[in-house]
Amino acid sequence: MINILNSIIINTTTLLPKSIVQLFAGKYVAGENHKTALNVVKSLNENGFSATIDILGEHVVNENEAEKITTEYIDLFDEIAENKLDCNISIKPSHIGLDLGEGVFLSNLKLLVKRAEYHDNFLRIDMESSSATDITIKAYREMLQTSTTVGTVFQAYLFRTLDDIKNIQNDQLNFRLCKGIYKESEDISIQDRKHINENYLKILRYAFTAENYVGIATHDIDLLKEIYSLIDELNVSPSRFEFQILYGVPMSGWLEKHLENKFKVRIYVPFGPDWYEYSIRRLKENPNIAAYVIKNLFR
Ligand SMILES: Cc1cc2nc3c(=O)[nH]c(=O)nc-3n(C[C@H](O)[C@H](O)[C@H](O)COP(=O)(O)OP(=O)(O)OC[C@H]3O[C@@H](n4cnc5c(N)ncnc54)[C@H](O)[C@@H]3O)c2cc1C
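Asks: Would you mind showing me how to read the overall build of the chain here?
Replies: Counting its regular elements, the chain contains 12 helices and eight strands. Scored against the burial criterion, the 299 residues of the chain give a buried share of 37%. Restricting the contact set of the chain to residue pairs at least 6 apart, pairs at least 24 apart contribute 75%.

Asks: Even after reading the chapter, I still don't get unusual backbone geometry, so can you show me in this structure?
Replies: If a residue is not glycine, its phi is most likely negative; likewise, a peptide bond is most likely trans. The backbone of K84 shows a phi angle near 50 degrees, a positive value even though the residue is not glycine. Tracing the sequence through the fold places K84 in the loop between α4 (63-82) and β2 (87-91). Backbone geometry places N235, a non-glycine residue, at a positive phi of 50 degrees. Within the secondary structure, N235 is located in the loop between α9 (221-234) and β7 (241-246). Classification of N235 by C-beta neighbours within 10 Å gives exposed; the count is 7.

Asks: Sorry, what's going on with the environment of L111 here?
Replies: Assignment of secondary structure puts L111 in helix α5 (residues 102-118). Expressed as a C-alpha distance, the spacing of L111 and Y73, which sit 38 residues apart in the sequence, is 9.8 Å. Setting aside residues up to four positions removed in sequence, L111 forms contacts with T70 and I74.

Asks: Is there a simple way to explain the site of the ligand in this structure?
Replies: Contacts to the ligand come from 25 residues, most closely from D126, C178, I181, T218 and H219. Of all the secondary structure elements, the ones that give two or more residues to the shell around the ligand are β4 (150-155), β5 (174-178), β7 and α11 (275-285). Here the shell around the ligand gets three residues from one element, more than from any other, and that element is β7. Residue composition of the shell around the ligand, by class: 12 nonpolar, six polar and seven charged. Split by domain, the shell around the ligand shows at least three residues from each of two domains, domain 1 (1-29 + 275-299) and domain 2 (48-271).

Asks: In this structure, what is going on with the nonpolar core? I would like to understand it.
Replies: One broad trend across soluble globular proteins is that nonpolar side chains are buried collectively. Ranked by size, the top nonpolar core spans 72 residues in total, and within it V41, L123, L177, I267 and V269 carry the most contacts. Residues from two domains meet in this core; each of domain 1 (1-29 + 275-299) and domain 2 (48-271) gives at least three. Sequence-distant contacts of L177, defined by excluding residues within four places in its chain, comprise F154, A156, Y200, I203, L204, V214, G215, I216 and A217.

Asks: Looking at this model, I keep getting lost on the packing of α4 against α5. Mind explaining?
Replies: Angle between the axes and distance between the axes are the two parameters that describe a pair of packed helices. Where α4 meets α5, the closest approach of the two axes is 10 Å, and the angle between their N-to-C directions is 10 degrees. Taken together, the axis directions place α4 and α5 in an arrangement best described as roughly parallel. Contact with α4, carried on its side by E63, A66, T70, Y73, I74 and F77, involves V104, N108, L111, L112, R115 and A116 of α5 and no other residues of that element. Residue composition of the contact of α4 with α5, by class: eight nonpolar, two polar and two charged.

Asks: Would you take a moment to explain the packing of α5 against helix α6 (residues 133-144) for this structure?
Replies: Their axes nearest at 11 Å, the elements α5 and α6 cross at an angle of 40 degrees. In terms of orientation, α5 and α6 fall into the oblique class. Remark: the crossing between α5 and α6 carries right-handed chirality. Residues E102, F105, L106, L109 and V113 of α5 touch α6, and the partners they reach there are I135, A139 and M143.

What counts, and where the lines are drawn
Residues numbered from 1 in each chain as written. Predicted model: local features only at pLDDT ≥ 70, side-chain atom pairs only at ≥ 80, totals over all residues. Helix = DSSP H or I, 4+ residues; strand = E, 2+ residues; numbered from the N terminus. Buried ≥ 20, exposed ≤ 12 C-beta atoms within 10 Å, placed from the backbone. Contact = placed C-beta atoms within 7 Å. Near = placed C-beta within 6 Å. Nonpolar A, V, L, I, M, F, W, Y, C, P; charged D, E, K, R; others polar. Domains from an automatic or database assignment. Core = buried A, V, L, I, M, F, W, Y, C linked by C-beta atoms within 7 Å. Axes fitted to C-alpha atoms, helices over the stretch in contact; angles between N-to-C directions. Parallel < 35°, antiparallel > 145°, perpendicular 65-115°, else oblique. Left-handed = near helix turned anticlockwise from the far one by under 90°.

Below you can see the structure in the form of structure tokens.
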């Protein structure tokens, strides 16, 4: 019964009252402005977690908007430094102008990498859908030539990913490994969870052996168990990786377990006025969606 309710709710999320989504959003989104977001980061730091911060939104439609977001990220780097927070920044290429052309994207990206360098901080270039993979990797490689304060993301569901990683010959290679969230065709991507997980482990094994730095981003407990075995088997130094999760996703004791093992854990903290679409996405992924919505509807 609860499964049927879940699927009904998943298919009608856009009809949910905004007030319900907002209640839920509080768990996954760190408010709408810098102050609320940095307060969340501060409290995560106090509890032993590192953070990465992201202004919600993507696909800006003109250069002014792209510049505005870039400036906002520059301010955030400054505020993180002023407040001595353990927090870097994650950006979406299309949020700083990728759709407006490679030139706009690259010039904004350079400003951000420079600011990260200035504060001895770090910029992560998130990976969007497959139409952006080539340009994102190209931009990352270009930044890598002069900077070590930048990294990107690779998606285990793409067939191409292991080759992409092998093709970057750089001992400063630093990437987040995730499964991939966009809907991609079966010509270019693995479709079923079991095989995505197998590819995830294959890529991770390669990265550990090549001594890359990896942000291991997953909430999948079965996969985490296999990752722990791999770390043991290869005797990987904790200085070569960190675990990453999205703010608010329950991890059944695994965050504490990571910390007990002295493994670094970084929480991805999104914030901003564009919280609605992001919250709908998280809501759809939550297996307890029906119970959650019903509880809040009748409160
Ligand atoms: C830090 C971080 C950064 C990411 N960056 C990118 C990126 O740049 N590009 C990209 O394409 N993708 C990114 N992703 C998303 C990623 O690709 C996956 O789509 C997403 O993490 C779900 O995959 P999973 O590994 O958690 O495993 P899944 O098998 O999808 O999920 C594992 C378990 O977690 C549960 N779960 C997942 N989400 C929730 C939730 N919201 N609430 C409750 N339970 C939940 C599932 O129900 C399931 O039981 C990122 C993910 C993380 C954690």
